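# Results of the structural survey
For reference, the chains in residue letters:
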Amino acid sequence: MLRRLVKSRRMSILIFAALALPTILVYANALDGEFVWLDRVEIVDGGYRLTAHGDLSKLLTRSLTDYVHRGYRSADSEGGYWRPLYALNLTLDHALFVECTWWYHAENILWHIVVVWLLYLLGRRWSEPDAGRWGPAFWAALVFAVHPLGVTSVVWISGRKDVLCAVFGIAALLCHANLLRIDRTQNCGEWRDWLSVVLSALFTATALGFKELAAVVPFVATCYSVLYWHRGRRRESFLGLAGAGLMIAVVIAVFAYRYVVLGGLGLNSPELPVNGVGKAATFLSLQSQYWSLIALPSEPVLSDAWRLRDSFSISLLLTVLAATGVVVGCITKYRRHSATKGVLWFLIWMLPASGIVALFHVRAERYLYPASWGLIFAAWSIAFSWSGRQRFRIVSISAAAAFAIWAGVATVLSNRYWKNDSILFNRAVTLDPDYVEGHIALGNIDLEKGDYESAAAAFKKALDLRNDKTLAAYCPDFVLETNLGLAEYYQGRLSESARLFEAAANRRPDDFRARYHMGLVAQARGNFAEARREYLESLRLRPGEFQASSNLAAIELAQRKYGRSISLLKPLLEQRPDDVANWINFAQALMSNGDYADAAKAWTSAISLSPRDADLRARLALCLHHTGQFETARKALSKAEAIDASHPSVRTARRQIIPAVWE
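Summarised in this report is the structure supplied together with it.

The rules we used
Residues numbered from 1 in each chain as written. Predicted model: local features only at pLDDT ≥ 70, side-chain atom pairs only at ≥ 80, totals over all residues. Heavy atoms only, no water. Helix = DSSP H or I, 4+ residues; strand = E, 2+ residues; numbered from the N terminus. Buried < 20%, exposed > 50% of the residue type's maximum accessible area, 1.4 Å probe, protein only. Contact = heavy atoms within 4.5 Å. Areas by Shrake-Rupley, 256 points an atom, 1.4 Å probe, with all protein chains shown as cover. Salt bridge = Lys/Arg side-chain N within 4 Å of Asp/Glu carboxyl O. Axes fitted to C-alpha atoms, helices over the stretch in contact; angles between N-to-C directions. Parallel < 35°, antiparallel > 145°, perpendicular 65-115°, else oblique. Left-handed = near helix turned anticlockwise from the far one by under 90°. Nonpolar A, V, L, I, M, F, W, Y, C, P; charged D, E, K, R; others polar. Core = buried A, V, L, I, M, F, W, Y, C linked by side-chain atoms within 4.5 Å. Phe/Tyr/Trp six-rings, centres within 6.5 Å; stacked < 30°, edge-to-face > 60°. Lys NZ or Arg CZ within 6 Å of the ring centre and 35° of its normal. Expected span 1.5 Å × (residues − 1). Arc of directions from axis to C-beta.

Attention shifts here to the overall build of the chain. Counting its regular elements, the chain contains 31 helices and zero strands. The 663 residues of the chain split such that 52% are buried. Of the contacts formed within the chain by residues at least 6 apart in sequence, a portion of 70% connects residues at least 24 apart. Surface accessibility of the chain: about 29,900 Å² in total, with carbon and sulfur atoms responsible for 60%.

Summed over all chains, the structure comprises 17 salt bridges. One salt bridge in this structure joins Glu-556 and Arg-532, with 2.9 Å as the shortest N-O distance. A residue pair is termed long-range when its members are at least 10 positions apart, and Glu-556 in helix H25 (residues 546–558) and Arg-532 in helix H24 (residues 528–541) qualify at 24 residues. For Arg-532, a relative accessible area of 22% translates into the label partly exposed.

Let us now look at the packing of helix H27 (residues 580–592) against helix H28 (residues 596–609). In helix packing, the relevant descriptors are the interaxial angle and the interaxial distance, both defined with respect to the helix axes. Following both chains from N to C, one finds H27 and H28 inclined at 160°, their axes separated by 8 Å at the closest point. For the element pair H27 / H28, the angle class is roughly antiparallel. Regarding H27 and H28, the two cross each other, and that crossing is left-handed. Judged by residue contacts, Val-580, Trp-583, Ile-584, Phe-586, Ala-587, Gln-588, Leu-590 and Met-591 of H27 engage Tyr-596, Asp-598, Ala-599, Ala-602, Trp-603, Ser-605, Ala-606 and Leu-609 from H28. Residues of the contact of H27 with H28, tallied by class, amount to 13 nonpolar, two polar and one charged.

Ranked by internal contacts, the top residues of the largest apolar core, which has 118 residues, are Val-115, Leu-122, Trp-345, Trp-373, Trp-380 and Trp-418. The element that contributes the greatest number of residues to this core is helix H9 (residues 160–178), accounting for eleven residues. Once residues lying within four places of it in the same chain are set aside, the contact partners of Trp-345 are Leu-119, Leu-122, Trp-126, Ile-170, Leu-173, Val-220, Pro-370, Ala-371, Trp-373 and Gly-374. Membership of the second largest hydrophobic core comes to 35 residues, among which are Leu-557, Leu-572, Ala-600 and Ala-621.

Among the structural elements, Asp-477 can be located in helix H21 (residues 477–490). Taking the C-alpha atoms as reference points, Asp-477 and Arg-508, 31 residues apart in sequence, are found 9.7 Å from one another. Residues in contact with Asp-477, not counting those within four places in the same chain, are Arg-466 and Arg-507.

If you walk through the whole model with that rule in mind, you get 28 aromatic pairs. An angle of 50° between the planes, with centres 6.5 Å apart, marks the rings of Trp-37 and Trp-418 as tilted. With Trp-37 in the loop between helix H1 (2–27) and helix H2 (39–44) and Trp-418 in the loop between helix H17 (390–415) and helix H18 (421–431), this residue pair connects regions lying 381 residues apart in the sequence. Of the residues examined, Trp-418 reaches a relative accessible area of 6% and is grouped as buried. By the ring-pair criterion, three or more aromatic residues cluster together here, those being Trp-126, Tyr-224, Trp-345, Trp-349, Trp-373 and Phe-377. Here the guanidinium or amino end of Arg-366 rests over the ring plane of Tyr-367, the centre of that ring lying 6.0 Å away. The ring of Phe-546 has Arg-576 sitting right over it, with the charged end atom 3.9 Å from the ring centre.

Tracing the chain through its elements places Leu-164 in helix H9. Between the C-alpha atom of Leu-164 and that of His-112, which follows or precedes it by 52 residues, the distance is 8.4 Å. Here Leu-164 is in contact with Asn-89, Trp-111 and Phe-210, once residues within four sequence places are set aside.

Its 14 residues give H24 an end-to-end C-alpha distance of 20 Å, which sits within 8% of 20 Å, the value for a rise of 1.5 Å per residue. For H24, every residue scored as buried is listed here: Ala-531, Glu-534, Tyr-535, Ser-538, Leu-539 and Leu-541. All buried residues of H24 fall inside an arc of 160° around its axis, so they share one side. For H24, the exposed residues set more than 90 degrees away from the buried face come down to Arg-533 and Arg-540. On the buried face of H24, the contacting elements are helix H23 (512–524) and H25.

In structure tokens form, the structure reads like this:
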């Protein structure tokens, strides 16, 4: 018996290794990828992390959208995405890895392997008794592990929410399946049964903390309990239904909390068809595309360029007939077959993304993670059940291996496009020229590079496409108008940029950025009074905002209000002692205020940050001259002359200092 147990454990280790190694191989070329898409906002900029005292309470009482803007406005989005455990996970990762993306990618791959292992164990529970260890459960898990539909969730660091939701959702279903095992004995112990019930509810709550999609987990458990009822074991069936009932109660409690504390669910999307016919057409259209993406592994389209439909057509009619045939056939002929469980798994997991439940984004291919495993498992279950003879069984295994290789190659090729934002979104816009988010992302890239003309063209394209409401985009209009305004501002088109900033401010009167940028335009026009008002309004909306405070200090300096400028600059220099511009303004304000000794110290600090600046050394020489340190001033002037003797500040300092030295 001991020898059999050891052999069984060795076989389990071999199976887990056979699932893990191909997964690592197909995702290995993604390890050197950078932060892309929303990674910089969520991780690097700290949007979804805990960054200050009091953030934990805000995380628990605000949607993610409001939490990102926690520093300068109150919660007002009426619900939306709420994923506190995901934010805590990013906080821990950033504390460990900082900005080393290799470790983030390695963790994503590790979690994906855990999902694959859990799906294999669940598939074993759902398989027929004679399926064996290397049967449909193994091949379905292997194909899922290397399928390109997992690329967005696994390679994209911020896609981890999908993977972690799957980890704990599947763990909950495994605990629930433990209540319905055929090989249970009467002396299992009630405490183990209730432990499984409690763990299934706990894992469901944890999965919901990573992503709202986990709300479907109790319904998968309920469906499995109903199918199991026909086995004639009432006690296990009651336990299964009790466990599923507790999981449903957890989901209701979480969403009730969201509704009361966050002010609503906030998941409605106006882009969805509202009538029954339109929703049915959308459901069938999306289902046909989902099924084809699973059956024909190919590079995922980041833009999800599928159009929602609001009427029936011949293609939809054929789709509904085919889908109905598959579902009815599974339920009638294979009522207790593993294929039925796989098909129902897919339909339930995909229900939120099938055009029936309104969501912000209904067509994302990452919603097929982990739903796609259901159809894969159903397909191989049917194939293995039909291949009763040995030669047909070999054909089925060969087909599964060939399909896994095909899917793995497609995954490796898809990983190439996730190296950085430029590669990712150029590819996405090439595949779909109407991809709104792609044009916005490319505009932001050009804006950072200083290619303002290209950035303006990209933002204008995105604004034009936003008129088509069927094109989903996460970027709000006021942000898009602000970015376009910046591109126009840096090209010197002040009137156009002012119009865009004003439009953004009208859309979001409580957002500090539009007011700050309107202050920039006024300052560039020389209207210091108006610029001062806009900067003060910006600081009212977001107290302590660094750049607005810096510019306001510069305005006060320009208007010869030296005391105000000094009081504004002191806390800024404590916050960022490496800011040369603020040291220069601080030194100039002190010098203009007659405080030459402190001004000399400030010029010295500025010079330490920019030692090859002749202007700074010349001004330091003047300060030292005014304090009576003539020889020190002469040495400072000599260093300035060595850098650039023709600089106007150097010539001015020479005219004042040299005669004093002669005297």
